Amino acid sequence: MKYDRIDSKLFIKNRKNFMQKVKPKSLAVFNSNDIYPIGADSTMPFQQNRDIFYLSGVDQDESILVLFPDAPEEKHREILFLTETNEHIAVWEGAKLTKEDALEVSGIKTVYWMKDFEKIFFEVMTQCETVYLNTNEHYRANHQTETRDDRFIKWCKEKYPAHQVAKANPILQRLRSVKDPIELDLMQKACDITDKAFRRTLKFVKSGVWEYEIEAEYYHEMIRNRSKGFAYTPIIASGNNANVLHYIENRHQCKEGDLILLDTGAEYANYSSDLSRTIPVSGRYTDRQKQVYNAVNKVKKDATKMLVPGTMWKEYHVEVGKMMTSELLDLGLLDKADVQNEDPDWPAYKKYFMHGTSHHIGLDTHDYGILTEPMQANQVFTVEPGIYLPDEGFGIRLEDDVVIQEKGEPFNLMRNIPIEIEEIEDIMNS
């Protein structure tokens, strides 16, 4: 891995917190992700399942974590199963974790090779009553590919049909949404890398560059700062491309007078950042672009102040909608009749701002978190209002990642990244 080794205290604490939430005489099982094929002998780059990473720090494939807090044998309260490494693997693929490495990474003392899994698992299953299985219940999840966890669930239910089954996901939803200080430091590192990449881009952009060239500048700076690259597929959307919310082709030339919407964030140690900025190709905003930009920025600043403990996500979005409505009225994009006659299920402002304002962020860009529960300190949210004007040929979105505090306004992890018009213009023209 490119990133510096993470202090195992984080994973020890995460496991302790999880095991305090499970039923008596139960165990939980977490699988690594597969390496997914492309064709012939080609594969996708490996991405670890975030749940096993959160609980162990293990960042390689073919790994299993078993947690059994009430195990009769103390050594079986935390167990890692790994693929046995050898000289052949080391030559062809690079060395895998040894048992000693795994202890240093995770803080788990009991490490077995994967070939012993079924034997050891049978032993601990005879000693428990409930097995916690790991599913993905994120509100945006919509996957057709069967995961290693999916296959394991089928096997486990068939092999051990008399056991009670419980879900690990609701516990992880709550735990993962509240960040440890070590996690916040890692997210700050991801945001700092994004800052460097964005500043590089501001110096690079000029009339005639191509969107994919801008993407390359970002990627270069991220990699040289020990990131794997983008935390999600980047959006480099010039002109009217910005009005396609998930435009990812990044294949058009940037023209004088256009704006470029950049939705680009680096990952670091599997933790995400999520930044949006909108910059002028020519290095200067027009008066109309400034009007709309300042309206979006005002909504962003006012919305950020609402991210405090106790705020409900649904009510927060209603209030942000009111803020945006006020700005759209001032811009002449809506009139009072539009608002008076609006459909409550699709308010008038949605014509110009049709997506949500905030989502959890952490190990996943759209991270775990239960949206029907009040916001808590040390949860991290994006704030990303936008105004999209296809008739005028541009769209503007501004986005930062902020940490909810016990008291007062959130702490902005992207506080150092240029956002004000004057600062962006100064850097682009320096």
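Along each chain, the written sequence defines residue order, and numbers are assigned to residues from 1. It should be noted that, the model being predicted, local features are given only for residues of pLDDT at least 70 and side-chain atom pairs only at 80 or more, the latter also being counted only at that level, while totals for whole chains, interfaces and linings use all residues. Side-chain metrics in this entry use all non-hydrogen atoms of the structure; hydrogen atoms and water are not considered.

Caption draft 1: Structural detail: the overall build of the chain. The helix and strand labels rest on DSSP assignments: H or I over at least four residues marks a helix, E over at least two residues marks a strand, and numbering proceeds from the N terminus. Secondary structure summary: the chain contains 13 helices and 18 strands in total. Computed over C-alpha atoms, the radius of gyration of the chain comes to 24 Å, within 12% of the 22 Å expected from 2.2 N^0.38 for 430 residues, which places it in the range of a compact globule. When checking whether two residues touch, look at their non-hydrogen atoms; a contact exists if any pair is within 4.5 Å. The contacts in the chain between residues at least 6 apart in sequence include a share of 71% that link residues at least 24 apart. Using a 1.4 Å probe, the Shrake-Rupley method yields the accessible areas, and only the shown protein chains count as cover for residues. Total accessible area computed for the chain in this model is approximately 20,100 Å², and 50% of it derives from carbon and sulfur atoms. For the chain, the centre of its 54 positive side-chain charges and the centre of its 70 negative side-chain charges are spaced 3 Å apart. A radius of gyration in this sense is built from C-alpha atoms; the matching globule rule multiplies 2.2 Å by the number of residues raised to 0.38. Positive residues here are Lys and Arg, negative ones are Asp and Glu, while His and the chain termini are left out of the count. For charged residues, the charge sits on one atom: NZ in Lys, CZ in Arg, CG in Asp, CD in Glu.

Caption draft 2: Inspection of the pattern of salt bridges at higher detail. Salt-bridge detection follows one rule: a side-chain nitrogen of Lys or Arg within 4 Å of a carboxyl oxygen of Asp or Glu. Scanning the model with the defined rule gives 30 salt bridges in all. Across the salt bridge formed by Asp400 and Arg277, the nearest N and O atoms sit 2.8 Å from each other. One end of the pair, Asp400, is in strand β17 (residues 400-403); the other, Arg277, is in strand β13 (residues 276-280), with 123 residues separating them in the sequence. In this structure, Arg288 engages Glu392 in a salt bridge whose closest nitrogen and oxygen atoms are separated by 3.0 Å. Taken together, the residues span a long stretch of sequence, with Arg288 in helix α10 (residues 287-305) and Glu392 in the loop between β15 (386-389) and β16 (394-397) at a distance of 104 residues. Relative accessibility under 20% of the residue-type maximum defines a buried residue, over 50% an exposed one, and the middle range a partly exposed one, all with a 1.4 Å probe and only protein chains included. Judged by its relative accessible area of 24%, Arg288 is partly exposed. Judged by its relative accessible area of 36%, Glu392 is partly exposed. Each of Asp51, Arg176, Lys179, Asp364 and Asp367 takes part in a single network of salt bridges with overlapping partners.

Caption draft 3: The nonpolar core, seen in detail. Phe18, Phe30, Ile214, Tyr218, Ile260, Ile279 and Ile387 are the most contacted members of the largest nonpolar core, which has 98 residues in total. With nine residues, the top contributor of residues to this core is helix α8 (residues 181-204). Contact partners of Phe30, with chain neighbours within four places excluded, come to Phe18, Asp51, Ile52, Leu55, Ser63, Ile64, Leu65, Leu67, Asn134, Asp149, Ala168 and Leu172. The next biggest cluster of nonpolar side chains, apart from the first, holds 21 residues, and it includes Cys128, Phe152, Ile153 and Tyr160. Put simply, a nonpolar core is a bunch of buried Ala, Val, Leu, Ile, Met, Phe, Trp, Tyr and Cys residues held in one set by side-chain atoms that sit within 4.5 Å of each other.

Caption draft 4: Representation of the UniProt feature "domain: Aminopeptidase P N-terminal" (unreviewed entry) in the chain. UniProt positions are given in the numbering used here, feature names are shortened, and annotations may be inferred rather than shown by experiment. The residues that UniProt annotates with the feature "domain: Aminopeptidase P N-terminal" (unreviewed entry) are residues 6-142. A distance of 31 Å separates the end C-alpha atoms of residues 6-142, which is 30% helix and 21% strand.

Caption draft 5: Molecular detail of unusual backbone geometry. Here Lys25, not a glycine, exhibits a phi torsion of approximately 55 degrees, which is positive. By secondary structure assignment, the location of Lys25 is in the loop between α1 (9-19) and β1 (26-31).

Caption draft 6: Structural view of the sheet that holds strand β8 (residues 164-167). We treat two strands as partners when DSSP finds at least two bridges between them. In space, the six strands of this open sheet follow the order β6-β5-β4-β1-β7-β8, with mixed pairing throughout. The open sheet has two edge strands with one neighbour each: β6 (110-113) and β8. The sheet shows a mean angle of 25 degrees between the axes of neighbouring strands, taken without regard to direction. Note: β1 against strand β4 (residues 63-67), four bridges, orientation antiparallel. From the neighbouring strand, Ala28 faces β4, where its bridge partner is Leu67. Sitting on the sheet, α1 is in contact with β1, β4 and β5 (78-82), with an inclination near 50 degrees to β4. Think of each axis as a best-fit line through the C-alpha atoms, taken over the contacting stretch in the case of a helix, with angles from 0 to 180 degrees between the N-to-C directions.

Caption draft 7: Molecular detail of the packing of aromatic side chains. Only the six-membered ring of Trp is used, alongside the rings of Phe and Tyr, when aromatic pairs are assigned; centres must lie within 6.5 Å, and planes under 30 degrees apart are stacked while those over 60 apart are edge-to-face, with the rest tilted. Scanning the entire structure with this criterion turns up 18 aromatic pairs. Ring centres of Phe18 and Phe30 lie 5.4 Å apart, and the angle between their planes is 80 degrees; on these two criteria the pair is classed as edge-to-face. Placement of the pair is Phe18 in helix α1 and Phe30 in strand β1, with a sequence separation of 12 residues. On the accessibility criterion, Phe18 (0% relative accessible area) is buried. Taking the centre distance of 6.2 Å and the plane angle of 15 degrees together, the rings of Tyr219 and Phe230 count as stacked. Note that Tyr219 is positioned in helix α9 (residues 211-223) and Phe230 in the loop between α9 and β9 (235-238), a separation of 11 residues in sequence. Taken together through their ring pairs, the aromatic side chains of Phe81, Tyr112, Phe117, Phe121, Phe152, Trp155 and Tyr160 make up a single cluster. Taking NZ or CZ as reference, Lys189 lies 5.7 Å from the ring centre of Tyr268, over its face. One residue, Lys350, lies across the ring of Trp346, its end atom 5.5 Å from the ring centre. Criterion for a charge above a ring: Arg CZ or Lys NZ at most 6 Å from the ring centre, at most 35 degrees from the ring normal.

Caption draft 8: Helix α5 (residues 117-125), seen in detail. By the burial criterion, the buried members of α5 are Phe117, Ile120, Phe121, Val124 and Met125. Along α5, the residues classed as buried sweep out an arc of 135 degrees about the axis, all on the same side. It is the directions from the helix axis to the C-beta atoms that the arc portrays.

Caption draft 9: Representation of the side chain of His317 within the structure. Position of His317 relative to the elements: it lies in helix α11 (residues 313-330). Apart from residues no more than four positions distant in its own chain, His317 is found in contact with Tyr349, Gly356, Thr357 and Ser358.

Caption draft 10: Focus on the sheet that holds strand β18 (residues 411-412). Here we have three strands laid out as an open sheet, ordered β14-β17-β18, and antiparallel in their pairing. Looking at which strands have only one partner, the edges of the open sheet turn out to be β14 (380-383) and β18.

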